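# Breakdown of the fold
What follows is each chain in one-letter form.
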Amino acid sequence: MRFTLKVWRQAGPDAPGAMQSYEVDGITPETSFLEMIDLLNERLIAEGKDPIAFEHDCREGICGMCSMVIDGVPHSPERAVTTCQVHMRSFRDGDEIHVEPFRARAFPVLRDLVVDRGALDRIIEAGGYVSVKTGGTPDANLIPVAHADAERAMDAASCIGCGACVAACPNASAMLFTAAKVAHLAHLPQGQVERAQRVRAMVEQMDAEGFGNCTNHYECMAACPKEIDVEFIALMNRDYLKASLAADDA
Amino acid sequence: MQLDAKIPAGPIQDKWDRHRQEMKLVNPANKRKYRVIVVGTGLAGGSAAASLGELGYHVDCFCFQDSPRRAHSIAAQGGINAAKNYPNDGDSIWRLFYDTVKGGDFRAREANVYRLAQVSNDIIDQCVAQGVPFAREYGGLLDNRSFGGAQVSRTFYARGQTGQQLLLGAYQALARQIHAKTVTMHPRTELLDVVVHEGRARGIVVRDLVTGKISSHAADAVVLATGGYSNVFFLSTNAKGCNVTATWRAHRRGAGFANPCFTQIHPTGIPPSGDHVSKTTLMSESLRNDGRVWVPKKPGDKRAAAQIPESERDYYLERRYPSFGNLVPRDVASRAAKERCDSGHGVGPGGRGVFLDFQDAIKRLGRDTIAARYGNLFDMYHHIVDVDPYQAPMVIYPAPHYTMGGLWVDYNLMSTIPGLHVIGEANFSDHGANRLGASALMQGLADGYFVLPYTIGDYLARAGNSDVKADHAAFQAVEREVGERIKKLLGVGGKRSPDSFHQELGRLMWDKCGMGRTAEGLNEALARIPALREEFWRDVAVPGTGDTLNQTLEKAGRVADFLEFAETMCLDALERAESCGGHFREEYQTKEGEALRRDDEFCYGAVWEFRGVGERPALHKEPLTFENVHLSTRSYK
Ligand SMILES: Cc1cc2nc3c(=O)[nH]c(=O)nc-3n(C[C@H](O)[C@H](O)[C@H](O)COP(=O)(O)OP(=O)(O)OC[C@H]3O[C@@H](n4cnc5c(N)ncnc54)[C@H](O)[C@@H]3O)c2cc1C
Ligand code: FES
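Not measured: the values here are computed from a predicted model.

Criteria and cut-off values
- Residues numbered from 1 in each chain as written.
- Chains lettered and ligands numbered in written order.
- Predicted model: local features only at pLDDT ≥ 70, side-chain atom pairs only at ≥ 80, totals over all residues.
- Helix = DSSP H or I, 4+ residues; strand = E, 2+ residues; numbered from the N terminus.
- Buried ≥ 20, exposed ≤ 12 C-beta atoms within 10 Å, placed from the backbone.
- Contact = placed C-beta atoms within 7 Å.
- Near = placed C-beta within 6 Å.
- Nonpolar A, V, L, I, M, F, W, Y, C, P; charged D, E, K, R; others polar.
- Pairing = 2+ DSSP bridges.
- Expected span 1.5 Å × (residues − 1).
- Bend = angle between axes of the 7 residues up to and from the residue.
- Domains from an automatic or database assignment.
- Core = buried A, V, L, I, M, F, W, Y, C linked by C-beta atoms within 7 Å.
- Axes fitted to C-alpha atoms, helices over the stretch in contact; angles between N-to-C directions.
- Parallel < 35°, antiparallel > 145°, perpendicular 65-115°, else oblique.
- Left-handed = near helix turned anticlockwise from the far one by under 90°.

This brings us to the overall build of chain A. The helix and strand inventory of chain A stands at eight helices and seven strands. Seen along its three principal axes, the alpha-carbon backbone of chain A occupies a region of about 65 × 40 × 35 Å. Among the 250 residues that make up chain A, the fraction classed as buried is 52%. By sequence separation, contacts in chain A at least 24 residues apart represent 70% of the contacts at least 6 residues apart.

Take the site of ligand 1 next. Residue and element names in this part refer to chain B. Neighbouring ligand 1 are 44 residues, the closest being G40, G42, G78, G227 and G424. For the shell around ligand 1, the secondary structure elements donating two or more residues are α3 (43-55), α6 (162-179), β7 (189-197), α7 (245-252), β16 (394-403) and α12 (440-463). A class-by-class count of the residues in the shell around ligand 1 yields 20 nonpolar, 22 polar and two charged.

Residues and elements named next belong to chain A. The strand order across the open sheet built from five strands is β2-β1-β5-β3-β4, with neighbouring strands paired in mixed fashion. Every interior strand has two partners, whereas the edge strands, β2 (17-24) and β4 (73-74), have only one. As paired elements, strand β3 (residues 68-70) and β4 share two bridges and run antiparallel to each other. Within the sheet, the bridge partner assigned to V69 lies in β4 and is P74.

In this section: unusual backbone geometry. Negative phi values dominate among residues other than glycine, just as trans dominates among peptide bonds. Here the phi dihedral of R59 of chain A falls at roughly 55°; this positive angle occurs in a residue that is not glycine. Relative to the helices and strands, R59 of chain A is located in the loop between α1 (33-46) and β3. Judged by C-beta crowding, with 24 C-beta atoms within 10 Å, R59 of chain A ranks as buried. A positive phi angle, near 60°, is found at F234 of chain B, a position not held by glycine. For F234 of chain B, the position within the fold is in the loop between β10 (221-224) and α7.

Residues and elements named next belong to chain B. Between its first and last C-alpha atoms helix α11 (residues 367-385) spans 20 Å; for 19 residues at 1.5 Å apiece the expected length is 27 Å, and the helix comes up short by more than 12%. Remark: the principal bend of α11, roughly 80°, maps to Y374. When α11 is considered as a whole, its buried residues turn out to be R373, Y374, L377, F378, M380 and Y381. Those residues of α11 that are buried lie in contact with β16. Directly beyond the C-terminal end of α11, a positive phi value near 70° is found at D386.

Turning our eyes to something else, we now look at the domain arrangement of chain B. All names here are of chain B. One can read the domain layout of chain B as domain 1 (31-264 + 402-463), domain 2 (268-400) and domain 3 (477-597). Here the C-alpha centre of domain 3 lies 30 Å away from the C-alpha centre of domain 2. With six residues of domain 2 in contact, the opposing surface of domain 3 contributes six residues. Counting residues per element, the side of domain 2 that touches domain 3 draws most heavily on helix α9 (residues 330-342), which supplies five residues. Across the side of domain 2 that touches domain 3, the residue classes tally to one nonpolar, one polar and four charged.

Further remarks concern the pairing of β16 of chain B. Residue and element names in this part refer to chain B. Most of β16 is tucked away: 10 of the 10 residues are buried. Pairing of strand β15 (residues 354-357) with β16 involves three bridges; the strand directions are antiparallel. Bridge pairing in β16 places L356 opposite M394.

What follows covers the pairing of strand β20 (residues 618-623) of chain B. Note on strand geometry: in a regular strand, side chains alternate between the two faces of the sheet. Residues and elements named next belong to chain B. Of all the six residues making up β20, zero are buried; the element is thus mostly uncovered. The pairing of strand β19 (residues 604-609) with β20 spans six bridges and is antiparallel. When the bridges of β20 are listed, Y604 appears paired with P623.

Okay, the environment of Y411 of chain B next. One can find Y411 of chain B in the loop between β17 (406-407) and β18 (420-422). A sequence separation of 407 residues divides Y411 of chain B from D4 of chain B, and the C-alpha atoms of the two residues are 9.0 Å apart.

Turning to the nonpolar core, a few remarks are in order. For soluble globular proteins, the rule of thumb is that nonpolar side chains tend to be buried together. In this structure, C165 and V166 of chain A together with V36, V223, L224 and L407 of chain B are the most contacted members of the largest nonpolar core, which totals 275 residues. Non-local contacts of C165 of chain A, meaning those with residues more than four positions away in its chain, are made with A174, L176, F177, C220, A223 and C224 of chain A.

For interface size, the figure often reported is the accessible area lost on association. Tallying the contact residues gives 62 residues for chain B and 61 residues for chain A. It is α6 of chain B that provides the largest number of residues to the side of chain B that touches chain A, a total of nine residues. The residue inventory of the side of chain B that touches chain A, partitioned by class, reads 24 nonpolar, 25 polar and 13 charged.

What follows covers the domain arrangement of chain A. Residues and elements named next belong to chain A. When the domains of chain A are assigned, the result is domain 1 (3-111) and domain 2 (117-249). Between the C-alpha centres of domain 1 and domain 2 the distance comes to 29 Å. Contacts between the two partners involve 18 residues from domain 1, matched on the other side by 17 residues from domain 2.

Residue and element names in this part refer to chain B. Taken together, three strands build an open sheet; the order of strands is β3-β5-β4 and the sheet is antiparallel. Edge positions in the open sheet fall to β3 (80-81) and β4 (145-146), since each of these has one partner strand only. Taken together, the two bridges between β3 and strand β5 (residues 153-156) define a ladder with antiparallel strand orientation. Paired with I80 across the bridge in β5 is F156.

Once that is clear, we can look at the packing of helix α2 (residues 118-127) of chain A against helix α6 (residues 195-208) of chain A. Two quantities define a packed helix pair, namely the angle between the helix axes and the distance between the axes. Residue and element names in this part refer to chain A. Across the interface, α2 lies against α6 with an axial gap of 8 Å and an inter-helix angle of 150°. The angle between the axes of α2 and α6 places the two elements in the roughly antiparallel class. Remark: the crossing between α2 and α6 carries right-handed chirality. Across from R122, I123, A126 and G127 in α2, the residues of α6 making contact are Q197, R198, A201, M202, Q205 and M206. Its residues placed into classes, the contact of α2 with α6 shows five nonpolar, three polar and two charged.

To continue, consider helix α13 (residues 473-491) of chain B. All names here are of chain B. In this model, α13 (19 residues) spans 26 Å end to end at C-alpha, consistent with the 27 Å of a helix rising 1.5 Å per residue. If you follow the buried residues of α13, they end up packed against β7, β8 (200-208), β9 (214-218) and α16 (551-575). Positive phi appears at G493, one or two residues downstream of α13, with a value of about 65°.

Spelled out as structure tokens, the structure:
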């Protein structure tokens, strides 16, 4: 198969960027999207040119590192996949494909398709945990957890922190990411003690990082490779409201 | 090089407790005066950094990914073992210990393995308290599944994403400490060398992967938790960034490298469909609980699986190993697959594959149950191969997966360099010549949560503060070396990409030092590797500069280290003239084709001391004694 790639190239955080065009040929349908970029990069290196910088690690959809906007959609127009899980058989021979970085105010571009998603870590650091120390914990079976709650917590905890939700949102909001962590812990008995202060701290950090607000477009869920449910945003909003009222009372 | 394993005296059940009582403690008020460097944020490094931060130490933590949450541990699928005996099927600490020593083919240290089994239960308690959403039964209690190499169900899991959930637990604990400012996190920062001065580890030299800045970090103790080296084979189930750089650089500075030839080839990888393939995807071992492995009885049978009648199928694992069947340990399953394919029964691309079939399980349990157990794995397979495993069997083939070898450590997890500790997959400690499924996650978290935080305190209390700061001449000298090496890589100006060298090395290692090894093949590899290394330094192409984000440069440095390491790995495989666990020397096998261990000559850990690139390293031996598990021939028949 052959393709024309239009790829965002940017030499550094402060350098201007532009789309550049590349022709690739002889690609087999079972080649993955990243493997196609690998092949292109091999060619660029052989020509002494700078290869395209992009992030990846596990290449099986779990680390959350890969982060390309393909034809205008974070990860790819295909549903429920990460960039590294896209195969060329999903495209038509001769297609022109546009490749850009995840864009958001809170995700500055570092080079080409690599952006800084450190803001997501800082939201977790603000409170996305249960404050237990190592050791001295009770037997794991002491507190039963209803099967349905454990499953729902797992649905939320499946978030891979890639930031596609932010890149997809017209407001560059990180609500789905933040809500996934809030909901994961809110569905478990272990998460109850700090529930109110957790949601407050995380939402405040989210705002401080410059993420936009949620105006219910639900583009985030459509782009999410793990299909995290927007219902979690509603849960977070409820929790946040309750927590703010309680804080006002105090 | 002195090898003192420092195994505490006394009966095996009491060693760890007694040792803990005898260890020196650091007074709580003094802890913040100690600085500890932790390199790696996988299960081992993440849990260690968080726990050390909680204790009050000043921790600097490093990883090369953009976030600590993306360490390779995130990809573990199947589960984590513990001796809880919740299913009441006869499990115990002793049995987990026994299974692990036997599973490792008697090439691990008994005392370490016993301790691992002992703390396994604490890990599950810890993780549940953190909010890890393990699978549960309808009554709300924790669910268990079985895994290869055991006849009890002791594996805890979170769908097919156990590593992800355990790592998020550790990452969240780490995030809490970053917030509390006990841990300073340095993401996108790669360790390029270790600084040793007057016989003690003093710190590390790193490169900021965004700005290219090289800097020194001094500490009172250094912990490496940098994972395994399966990527020496290029194609493996590991994440693309996994590398040997940190452990190899430490080795060059004096840390003994133990059993580098002990690598695990996992039986259920997806076979590569062509040369473009950049990594092998693993299909979790848990699939062997319900999937049946078979090949056509007739060699060269090209019919689709559904066209092959029952009577013409060879369920070779059930045939050869009736008591464990499809649940034999990984080394046994992988070798059996290779044997069938070598004798012409293989299926799929190039005849390098065997069927993993769920039709019987679907008939017995229903599609919904199978979907609940393995849904995401089935989807993953479907997505990659474009074949629906609910309809047709998977085709699988062994793939490099895990490395039991690593830096040698004593009972306190300290390497042969005082002050340099090594935890998780990066060390050699607990799995001998073969690791049982669901035991790596257990070991990583055992080391990080429950062993190292104690033993490092004892070291610091005895050794005191290090007076060598980051501006010391010792650091400046190493910084210079690191800078010169980068300049050299950028200056070769050759024509071949780092990846092309990596691929060539990987193919060589897979052929000569993979599932089957011979003296002849290893000698060929030993002749070829130095030539390839020489060609690398003559013809590698690294465009760009050192003062920006330059992924080709990062890759080149890692490949250069693999090219040195590979030689020691082959040498180790050549020296070990026996078959054990994942190390199968074709010259040493029984009449039935099983591994032939030679305990009278090789019952030791082989520890290599660096003598210079291309120089033969010196071999030291740590003799292994088995006082609790009788040294016997492993049988899964
Ligand atoms: C696909 C797959 C599935 C698996 N499933 C299971 C399972 O079900 N059960 C089980 O028990 N085991 C499983 N394993 C094995 C297990 O996941 C690993 O052995 C384990 O997670 C290793 O953890 P670690 O903390 O030692 O290292 P890793 O998680 O590999 O972490 C290494 C860390 O070191 C850092 N690092 C490395 N080099 C450098 C450097 N030079 N400079 C700076 N930082 C560096 C990295 O950034 C990373 O943070 C699986 C492995 C794979 C590949
Ligand atoms: S590379 Fe890990 S999710 Fe894509």
